[in-house]
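Topology and contacts: notes
As a plain string of letters, each chain reads:
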Amino acid sequence: MTMSPGSFATSWRTHRAGALRAADIGTPVVLGGWVHRSRNLGGIVFVDLRDIDGIVQVSFGTDWASAEAIAAAAAVGVESVVVVEGTVVARAEGTRNPEMGTGDVEVRATAIRVVGPATTPAIPVARGRGEKLAAEELRLRHRYLDLRRADLQANLVLRHRLMQATRAFLSERGFLEIETPILTKPTPEGARDYLVPSRVHPGEFYALPQSPQIYKQLFMTCGLDRYFQIARCFRDEDLRADRQPEFTQIDIEASFVSQDDILALAEQLVAALWRTAGHDVTTPFPRMTYRDAMERFGCDRPDLRYGLEIADHTEAFRGTSFGIATAAIAAGGRVRGIVVPGGAAWSRKQVDEIEALAKSAGAAGLLRVRRVDGKLDGPLAKFFEGSDPFIGGAQPIAEGALALFVAGADRVSSPALDRVRQECAQRLGLIPEGEQRFLIVTDFPMFDRDPESGALAAVHHPFTSPQVDDMTAFPDAPDRWRANAYDVVLNGLELGGGSIRTHDPAVQSRMFALLGIGEKAEQERRFGFLLEALRAGAPPHGGIAFGVDRIAMLLAGATSLRDVIAFPKTTAARALFEDAPTQVPPEDLADLHLGLRAN
């Protein structure tokens, strides 16, 4: 905290313990905090007193404290909450601790009172980043102790500062912070809803919002033309290390805006948040189309800190006798790959490990060739006897390099090569520490077609507007339409995304029909409240949403979202501290007109 100690004076204390500095020498103080550790050296007892600002050393000696105070200090248990009285003094020469904010001072205490006695803690409360931590599940089970750690507290302080910076930034630009309902109507937004049964309306359910999407569009139809919210959102989907079932997003919507307007605002907001955490960001961010990102990097959120770009090598394989490649090409696929400098020195085992990652991403395997002593080498080399298509071209295989290819449809090769690219960069040490490469990806597909059923699905959500030129050029081929959608990416991670919305009710109705909600009655049943508002007159509008948890994680230098969330869920979607979810008594289910069915 960067406030003066006196700001925290109450009837219990005069200062925060960790905020004391050399300027406070000679000041009588009353401090409250937790006993981090104590040391009894016979004639003197030292107690390290901890609060959110840090630790201060408190000493009890025979020259200034009573025998009763010294005895009480010697007997106090670790993690007990105490109030101490004393005077700030300078530490003796040779005893100063430059690693502590309070390292130049200590408090010579005359009294100590235990106000919150503690049992032996289930886990140790580590203070420094170098201290060994208990297992994560144990720490989550005893989160009230884990949250006493300095780094977790610093993460939550940073998160607070980021949200306050967001509010200031958007308020200065005329945005209104407006809350939207938590109990709402189930709508398709790309994930499964959490459903909440209604007690007063038997058989009917609310949903917890996946986002405030429809409500913020309704604000635009009301004339509340600049809205934001730091919104809680919920998605019932499989978890990963970077995903939680409930999360927080900075939600923004504005009227009479274009894509460029929203992206300029987004860049400025990101720069403000990074500045809050002590980083300078250069704007505007570079832009790349979705098609270009997928072609060069195999994913729509590429990490630009290193090369290893993907290239199309189909022509090199066309006409060879290599059956896997020629069959893929004949089926309409391609042979794409990356060239790894120095990769020719990797062992068979190392390359097999990389191939396993490609297979886990959907590829049948990796095709390999390397250049050693000026010649192609490896299982594929025999198919290029008498010719060497990899000498020149856009992506030649240089001496000592290894080429790794995937043959097949782009939907197979892109994710596999993306995974291979990341792994090769890690193994080669190509990822620079501390470098931040922002990117905006635009022109996403409007729809994705299921290869088996042929059904269309919205790539973002059904309220995104398609690009008018594509609707005109390909009226009967909606899978060729691009969306007015965009993402902000940093180092291969999506920070946020948004779109320009559909504000024409006829176009919105057509979007629903293309997604299989064709009957007018069904559209009205599910989205009538939105369509009704659009028919009443809606301005062009669009917005963006940023993930607070992920931004806080990146700026805190944490490795998991759980390190910047006060009470997170595990990857099994369990809250270990409060033991949720949990069973409820049958009578409670009966009140909700529900019953459990045996599996």
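Residues numbered from 1 in each chain as written. Predicted model: local features only at pLDDT ≥ 70, side-chain atom pairs only at ≥ 80, totals over all residues. Heavy atoms only, no water.

Moving on to the pairing of strand β4 (residues 81-90). As judged from the seven bridges shared by strand β1 (residues 28-40) and β4, these two strands associate in the antiparallel manner. Looking across to β4, one finds that Gly32 is bridged to Val83. Judged from the ten bridges that link them, β4 and strand β5 (residues 105-116) form a sheet pairing that is antiparallel. Residue pairing for β5: Ala90 is matched across the bridge by Val105. (Pairing = 2+ DSSP bridges. Helix = DSSP H or I, 4+ residues; strand = E, 2+ residues; numbered from the N terminus.)

Looking at where His503 falls in the secondary structure, it is placed in the loop between β21 (493-500) and α13 (505-514). What makes His503 partly exposed here is its relative accessible area of 31%. Considered as a pair, His503 and Asp260 are 243 residues apart in the sequence and their alpha carbons are 18 Å apart. If sequence neighbours within four positions are ignored, His503 has contacts with Leu534, Ala538, Pro539, Pro540 and His541. (Buried < 20%, exposed > 50% of the residue type's maximum accessible area, 1.4 Å probe, protein only. Contact = heavy atoms within 4.5 Å.)

Looking now at the pattern of salt bridges. Using the criterion set out here, one finds 44 salt bridges in the structure. Residue Arg501 pairs with Glu253 through a salt bridge whose shortest N-O separation is 2.8 Å. With Arg501 in the loop between β21 and α13 and Glu253 in strand β10 (residues 246-255), the pair connects residues that are 248 residues apart, well separated along the chain. In terms of burial, Arg501 and Glu253 fall into one category: buried. Across the pair Arg348 and Asp352 runs a salt bridge whose closest N-O atoms are separated by 3.5 Å. (Salt bridge = Lys/Arg side-chain N within 4 Å of Asp/Glu carboxyl O.)

Here helix α14 (residues 520-535) is 16 residues long, yet its end C-alpha atoms lie only 15 Å apart, well below the 22 Å a rise of 1.5 Å per residue gives. The largest bend in α14 comes to about 95 degrees, at Phe527. Within α14, the full set of buried residues consists of Gln523, Phe527, Gly528, Leu530, Leu531, Ala533 and Leu534. Those residues of α14 hidden inside the fold are in contact with α5 (213-222) and α13. Just beyond α14, the residue with positive phi is Gly537, at close to 110 degrees. (Expected span 1.5 Å × (residues − 1). Bend = angle between axes of the 7 residues up to and from the residue.)

Let us look at unusual backbone geometry. Residue Pro284 is reached from Thr283 by a cis peptide bond, and omega for that bond is 0 degrees. The backbone of Asp373 shows a phi angle near 55 degrees, a positive value even though the residue is not glycine. By relative accessible area, which is 69% here, Asp373 ends up exposed.

What follows concerns the environment of Ser560. Along the chain, Ser560 falls in the loop between α15 (548-556) and α16 (586-591). Residue Ser560 is classed as buried on the basis of its relative accessible area, which comes to 7%. Distance in space between the C-alpha atoms of Ser560 and Arg161 is 19 Å, their sequence separation being 399 residues. Separated by 3.0 Å, the side chain of Ser560 and the backbone nitrogen of Arg562 make a polar contact. (Polar contact = N/O pair within 3.5 Å; in protein donor to acceptor, adjacent residues only side chain to side chain.)

With that out of the way, let us pick up the nonpolar core. Core analysis: the largest hydrophobic core is formed by 44 residues, its most contacted members being Ile252, Trp274 and Phe546. The greatest single-element share of this core, amounting to ten residues, is contributed by helix α6 (residues 259-276). Ignoring any residue separated from it by four or fewer positions in sequence, one finds Ile252 in contact with Leu170, Phe175, Lys216, Tyr227, Phe228, Leu265, Leu269, Arg501, Gly542, Gly543 and Ile544. Among the nonpolar cores identified, the runner-up in size contains 23 residues, and Leu20, Val29, Ala73 and Ala109 belong to it. (Core = buried A, V, L, I, M, F, W, Y, C linked by side-chain atoms within 4.5 Å.)

All right, on to α5 then. Among the ten residues of α5, seven are classified as buried, and the element is accordingly described as predominantly covered. Every buried residue belonging to α5 is among Gln213, Ile214, Lys216, Gln217, Leu218, Phe219 and Met220, and all of these are buried. Buried-residue contacts for α5 involve β9 (226-234), β10, α14 and β22 (541-547). One or two steps after α5, the chain reaches Gly223, where phi turns positive at roughly 90 degrees.

Another point: the packing of α5 against α14. What describes two packed helices is the angle between their axes and the distance between those same axes. For the pair α5 and α14, the least separation of the axes is 10 Å and the interaxial angle reads 20 degrees. Viewed along their axes, α5 and α14 adopt a mutual orientation that is roughly parallel. As for how α5 packs across α14, the hand of that crossing is left-handed. Along its contact with α5, which presents Ile214, Leu218 and Thr221, the element α14 presents Phe527, Phe529, Leu530, Ala533 and Leu534. Each residue belonging to the contact of α5 with α14 can be placed in one class, and the counts come to seven nonpolar, one polar and no charged. (Axes fitted to C-alpha atoms, helices over the stretch in contact; angles between N-to-C directions. Parallel < 35°, antiparallel > 145°, perpendicular 65-115°, else oblique. Left-handed = near helix turned anticlockwise from the far one by under 90°. Nonpolar A, V, L, I, M, F, W, Y, C, P; charged D, E, K, R; others polar.)

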